[in-house]
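What follows is the residue order along each chain.
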Amino acid sequence: MANKHPKHILVISDPPEAPGYFPRLRYMCDFLMQKGYDITLLTEQYQPLIFAHEYPIITIPMYTGGLFDWGIKTIWTLVADWHNKAFACKFFQRNNCVPYDLVLCTAFSDFPLGAAKIIAQRLEVPLICDIRDLDEQVDNSTYQYQHQQWWLMPFRNIYRAIHIRRRNQVLRAANAITTVSPWHAEFIKRHNPHTYIVYNGFDEKQFYPENISTDTFTISYIGTLYDWQKPALEKVKRAIQELDSPIQFIFHTPTQDAIPHDQLGDAIRSSSIMLVLTNTNVHGMLTTKFYEALGCDKPVLCVPSDNGSLAELINYTNAGIATDDITNIKAFIVDKYNEWKENGYTRQKTQHRIAFSRQEQNRLLVKIIEKQLSKDTY
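Position labels on residues start from 1 in each chain and follow its written sequence. Under the rules for a predicted model, residues below a pLDDT of 70 receive no local features and side-chain atom pairs below 80 are neither given nor counted, while totals for whole chains, interfaces and linings still include all residues. Side-chain metrics in this entry use all non-hydrogen atoms of the structure; hydrogen atoms and water are not considered.

**Q** Explain the overall build of the protein to me, please; I cannot follow it from the model alone.
**A** For the protein, the helix and strand inventory stands at 12 helices and 12 strands. Compactness check: the protein gives a C-alpha radius of gyration of 22 Å against a globular reference of 21 Å for 378 residues, within 12% of the reference. Projected onto the principal axes, the alpha-carbon positions of the protein cover approximately 65 × 55 × 40 Å. Here the term buried applies to any residue with accessible area under 20% of the maximum for its type, exposed to any over 50%, and partly exposed to those in between, with areas from a 1.4 Å probe on protein chains only. Here the protein, with 378 residues, has 53% of them falling under the buried criterion. Across the protein, contacts joining residues at least 24 apart in sequence account for 73% of those joining residues at least 6 apart. Here the Shrake-Rupley method, with its probe set to 1.4 Å, supplies the accessible areas, and only the displayed protein chains count as covering residues. Just so you have it, the protein exposes about 17700 Å², and 51% of that area is on carbon and sulfur atoms. The positive count covers Lys and Arg only, the negative count covers Asp and Glu only, and His and the chain ends enter neither. Here the site of a charge means atom NZ of a Lys, CZ of an Arg, CG of an Asp or CD of a Glu. Distance between charge centres in the protein, computed from 39 positive and 40 negative side chains, equals 5 Å. Each helix is a run of DSSP H or I of at least 4 residues and each strand a run of E of at least 2, with the numbering of both proceeding from the N terminus. With C-alpha atoms as the basis for the radius of gyration, the globule rule is written as 2.2 Å multiplied by the number of residues raised to the power 0.38. Here, two residues are considered to be in contact whenever any of their heavy atoms come within 4.5 Å of each other.

Here you go:
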């Protein structure tokens, strides 16, 4: 896209966290810049943002007075949506009348969606919401709220209901919505029919196929481990024990043997099988590690099958197997073990791989943005 006067997009995000700093967000901003857009990223001040970027970043501190300040503002947020309203207000205090043509908000909860709605309406520009997660994707809210303080647990249902209601108000007002899976898209279409899928995908510069011979057959798990994944992990461990073969199980989480972000590609390419753990009570969660394994043509063992979007995508791409049957788990491991013994490495014959690169997925996002920018009024 070649614009004489580049369109200026305000990207609003919840605070990116190290070490990954939201790969979806960073790739999105870089790709839009490559396509000729001016980008400004607006986020809450939380951690130092030390990743490389060529666009301005506005960070706004919201909780600055310690635990008491946090408690008062949390209560006021529940009562009157202080977090979103104050964030939008502070943005306009800093903005100095910089013109924007579109607001793109990527989030997993009602903040900063509510602030993005306020900002877009005041600027009189279209709003696109990029929804990475939904509270409803895991039963009993165990995904979004397992980190909350124990004393908040009795109020969790009230807390959840308030945030879902506010989120849905923004979704209904958005000009367009992008999200990460077919399940998410169908769920969101209840509130807004202008909903499209932009898969997370893999960064093709970091995750690519390469045959690396190893002395050990390894099954690797990389990523956060949630409570609802632990039953699946125990089943895989039992399958490995029953096989009684020289198999090394490598476990990397953010708190246990974490891998630096720039070394993830090599870690996956050096693995024999990439393990993905899910649960039948989980909906539409297409973990980034699945895409990264797909990008490297590494076989995926998904336990159990989610009987939904993830299993369908594994089958569609021929990326591996999604199963809860321990006999099938062992058979898959043995098949890949024999492949490794013969070649010194494993290589999955995937299909449609490149379609799930971040580059291809962000091309879809650009089409959605261009459609909104081509309209005369909003």
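**Q** What am I meant to see in the sheet that holds strand E11 (residues 300–303) here?
**A** Whenever strands of a sheet pair, they do so through backbone hydrogen bonds, lying parallel or antiparallel. Two strands make a pair as long as DSSP finds a minimum of two bridges between them. Ordered in space as E9-E8-E10-E11-E12, the 5 strands form an open sheet in which the pairing is parallel. The open sheet has two edge strands with one neighbour each: strand E9 (247–252) and strand E12 (320–322). This sheet shows a mean twist of 20° between the axes of neighbouring strands, independent of strand direction. Strand direction decides the pairing type here: E11 and E12, joined by 3 bridges, are parallel. In the strand pairing of E12, Val 300 is matched with Gly 320. To get an axis, a line is fitted to the C-alpha atoms, and for a helix only the part in contact is used. The angle between two axes follows their N-to-C directions and goes from 0 to 180 degrees. Helix-sheet contacts for helix H7 (residues 230–243) involve strand E8 (217–222), E9, strand E10 (273–277) and E11, and the interaxial angle to E9 is about 160°.

**Q** How do you make sense of the packing of aromatic side chains when you look at a structure like this?
**A** In this description, an aromatic ring pair is defined by two values, namely the gap between the centres and the angle between the planes. Only centres within 6.5 Å qualify two rings of Phe, Tyr or Trp (six-membered ring in Trp) as a pair; their planes then separate them into stacked at under 30 degrees, edge-to-face at over 60, and tilted for everything else. For the structure shown, the criterion picks out 18 aromatic pairs. With a centroid separation of 5.1 Å and 55° between ring planes, the pair formed by Tyr 21 and Phe 51 is classed as tilted. Of this pair, Tyr 21 sits in the loop between strand E1 (8–13) and helix H1 (23–34) while Phe 51 sits in the loop between strand E2 (38–44) and strand E3 (57–60), and the two are 30 residues apart along the sequence. An identical accessibility class is assigned to Tyr 21 and Phe 51; each is buried. Relative to Trp 340, the ring of Phe 217 lies with its centre 5.9 Å away and its plane at 65°, an arrangement referred to as edge-to-face. Residue Phe 217 is found in strand E8, and its partner Trp 340 is found in helix H11 (residues 326–343); the two are separated by 123 residues along the sequence. For Trp 340, a relative accessible area of 12% corresponds to the buried category. Chaining the aromatic ring pairs together yields one cluster made of Tyr 199, Phe 290, Tyr 291, Tyr 316 and Phe 356. For Arg 122, the ring lying beneath its charged end belongs to Phe 92, and the centroid distance is 4.0 Å. The rule for a charge over a ring is simple: NZ of Lys or CZ of Arg within 6 Å of the ring centre, and within 35 degrees of the ring normal.

**Q** Even after reading the chapter, I still don't get the environment of Glu 242, so can you show me in this structure?
**A** Assignment of secondary structure puts Glu 242 in helix H7. Its relative accessible area of 41% is what places Glu 242 among the partly exposed residues. Along the sequence, Glu 242 and Asn 84 sit 158 residues apart, while their C-alpha atoms lie 53 Å from each other. Once residues lying within four places of it in the same chain are set aside, the contact partners of Glu 242 are Ile 326 and Lys 330.

**Q** Is there a simple way to think about the pattern of salt bridges in this case?
**A** A side chain of one charge can pair with a side chain of the opposite charge when the charged atoms of the two come close. Think of a salt bridge as a Lys or Arg side-chain nitrogen and an Asp or Glu carboxyl oxygen that are within 4 Å of each other. All told, the structure shown has 17 salt bridges when counted by the stated rule. Across the salt bridge formed by Arg 166 and Asp 81, the nearest N and O atoms sit 3.7 Å from each other. Linking Arg 166 in helix H5 (residues 156–173) with Asp 81 in the loop between helix H2 (66–80) and helix H3 (82–95), this pair joins segments that are 85 residues apart in sequence. For the pair Arg 166 and Asp 81, one class covers both residues: buried.

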